[in-house]
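Topology and contacts: notes
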Amino acid sequence: MEVKVFGVVGAGQMGNGIAQVAAASGLDVIMNDIAEEFVQKGLGAIDANLERGVSKGRLSAEDKSAVLARIRASTDINDMAGVDFVVEAATEREELKFTIFRNLDAVCPPEAILATNTSSIPIGRIAAQTGRPEKVIGMHFMNPVPVMKLVEVIRGLATSDATFDLTWSLSEHFGKTPAQANDYPGFIANRILMPMINEAVYCLYHGVGTAEDIDTVMKLGMNHPMGPLALADLIGLDTCLAIMETLNDGFRDSKYRPCPLLRKYVEAGWLGRKSGRGFYRYDRK
Ligand code: CAA
């Protein structure tokens, strides 16, 4: 099966990044979200990213226009009727993803593959919402999508070899390096990353160090490109909390207990960069 039309559900920071790399690789893309405002914001982010490439001489103005022209904006899930492959990149809430997958299963052609960019919800649980669990797979991109090389490809219990092989080669077609993970809470990336971030929040909570000192230790002491608290702000503290809850529920092991300070920040609406405040303050755009 060849992929020509690629759908993305969700035009947020992950969804618009995925739409950008897919369109840059030559595919026709339909980027869907529930409101025009969200889709336009996503298109604006893609435009700004591509423009940065143009100003740095990596991309011609014609190529930028061609990439943008390959992305169709949509606010109607029925537009996914013509896709060969779709990635869901909505908010990390199980019920929301279930609804989207039930809708996609009803709308998309029977041979289409339904992938999820979930960072931690079990693929098998999402696949069970559809009548085609063998065509459901995890395709987990990293943030910022245009920059990060990895795609974690997660096999559910029922995922077929054909679905896996196509997702793997599509990741390579996007210029990414895929890695295979099996379907356990957090897969590989977040099973390792989130407890580290959560522990950094505990360090702040216990007063072991300031946010700046915690991040400096990890940046300069361990050569991480950014500190764990700045990274949490980039990912979104609500997403970090949701992933810790998934690990905690999935393993029932107290080592995955979300830090109360992380929960407190999320409850206060301090979600990181996207809300203008997290462990650090950001200028609102
Ligand atoms: N979108 C597109 N491009 C971006 C970008 C964005 N949001 N942010 C930065 N870039 C580009 C810049 O344009 C720049 O490109 P050039 O070098 O070609 O000019 C390049 O990335 C480097 O950016 P900067 O010089 O501004 O800053 P930097 O060197 O500190 O890099 C970073 C920024 C790439 C974000 C780097 O700090 C980094 O790699 N951080 C760690 C990111 C990470 O761990 N991501 C995974 C998060 S976990 C996840 O996503 C999964 C999950 O489920 C939670």
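What you see is a predicted model, and the numbers here were worked out from it, not measured in a lab. (Residues numbered from 1 in each chain as written. Predicted model: local features only at pLDDT ≥ 70, side-chain atom pairs only at ≥ 80, totals over all residues. Heavy atoms only, no water.)

Neighbouring residues of the ligand: 19 residues in total, closest Lys56, Arg58, His140, Asn143 and Asn190. Note that an oxygen atom of the ligand is positioned 2.9 Å from one of the side-chain N or O atoms of Asn190. With the chains in place, 63% of the 1000 Å² that the ligand exposes on its own is no longer accessible. Elements with a minimum of two residues in the shell around the ligand: α2 (36-55), α7 (189-205) and α9 (228-235). Among the elements that take part in the shell around the ligand, α7 stands out by supplying three residues, more than any other. Tallied by class, the residues present in the shell around the ligand amount to eleven nonpolar, five polar and three charged. Composition of the shell around the ligand by domain shows at least three residues from each of domain 1 (5-181) and domain 2 (190-275). (Near = heavy atom within 4 Å. Polar contact = N/O pair within 3.5 Å; in protein donor to acceptor, adjacent residues only side chain to side chain. Areas by Shrake-Rupley, 256 points an atom, 1.4 Å probe, with all protein chains shown as cover. Helix = DSSP H or I, 4+ residues; strand = E, 2+ residues; numbered from the N terminus. Nonpolar A, V, L, I, M, F, W, Y, C, P; charged D, E, K, R; others polar. Domains from an automatic or database assignment.)

For the rest of this paragraph, the subject is the pattern of salt bridges. It is possible for side chains of opposite charge to pair when their charged atoms get near one another. Summed over all chains, the structure comprises twelve salt bridges. Notably, a salt bridge pairs Glu94 with Arg125, separated by 2.5 Å at the nearest N-O pair. A residue pair is termed long-range when its members are at least 10 positions apart, and Glu94 in helix α4 (residues 94-107) and Arg125 in helix α5 (residues 123-127) qualify at 31 residues. By relative accessible area, Glu94 is classed as partly exposed at 28%. For Arg125, a relative accessible area of 42% translates into the label partly exposed. Through salt bridges with shared partners, a single network forms among Asp47, Glu51 and Lys64. (Salt bridge = Lys/Arg side-chain N within 4 Å of Asp/Glu carboxyl O. Buried < 20%, exposed > 50% of the residue type's maximum accessible area, 1.4 Å probe, protein only.)

Once that is clear, we can look at the layout of surface pockets. Of the volumes computed, that of the second largest pocket is approximately 200 Å³. Every residue lining the second largest pocket is listed: Glu92, Glu94, Ser120, Ile121, Pro122, Arg125, Pro185, Ala242, Glu245, Thr246, Asp249 and Gly250. Per-class residue counts for the lining of the second largest pocket are four nonpolar, three polar and five charged. (1 Å grid on protein atoms, 1.4 Å probe; cavity = no way out; pocket = protein on both sides within 12 Å on 5 of 7 lines; lining within 4 Å. Points joined across faces, edges and corners; volume = space filled by probe spheres on them.)

Along its sequence, the chain is carved into domain 1 (5-181) and domain 2 (190-275). Put simply, the middle of domain 1 and the middle of domain 2, counted by C-alpha atoms, are 26 Å apart. Each partner contributes to the interface: domain 1 provides seven residues, whereas domain 2 provides seven residues. Approximately 600 Å² of surface area, both sides summed, lies buried where domain 1 meets domain 2, with 52% of it carried by carbon and sulfur atoms. There are zero salt bridges connecting domain 1 and domain 2. Along the contact surface separating domain 1 from domain 2 lie five residue pairs in polar contact (both at pLDDT 80 or more). The class makeup of the residues in the side of domain 1 that touches domain 2 is one nonpolar, five polar and one charged. (Contact = heavy atoms within 4.5 Å. Buried area = accessible area lost by both parts, 1.4 Å probe.)

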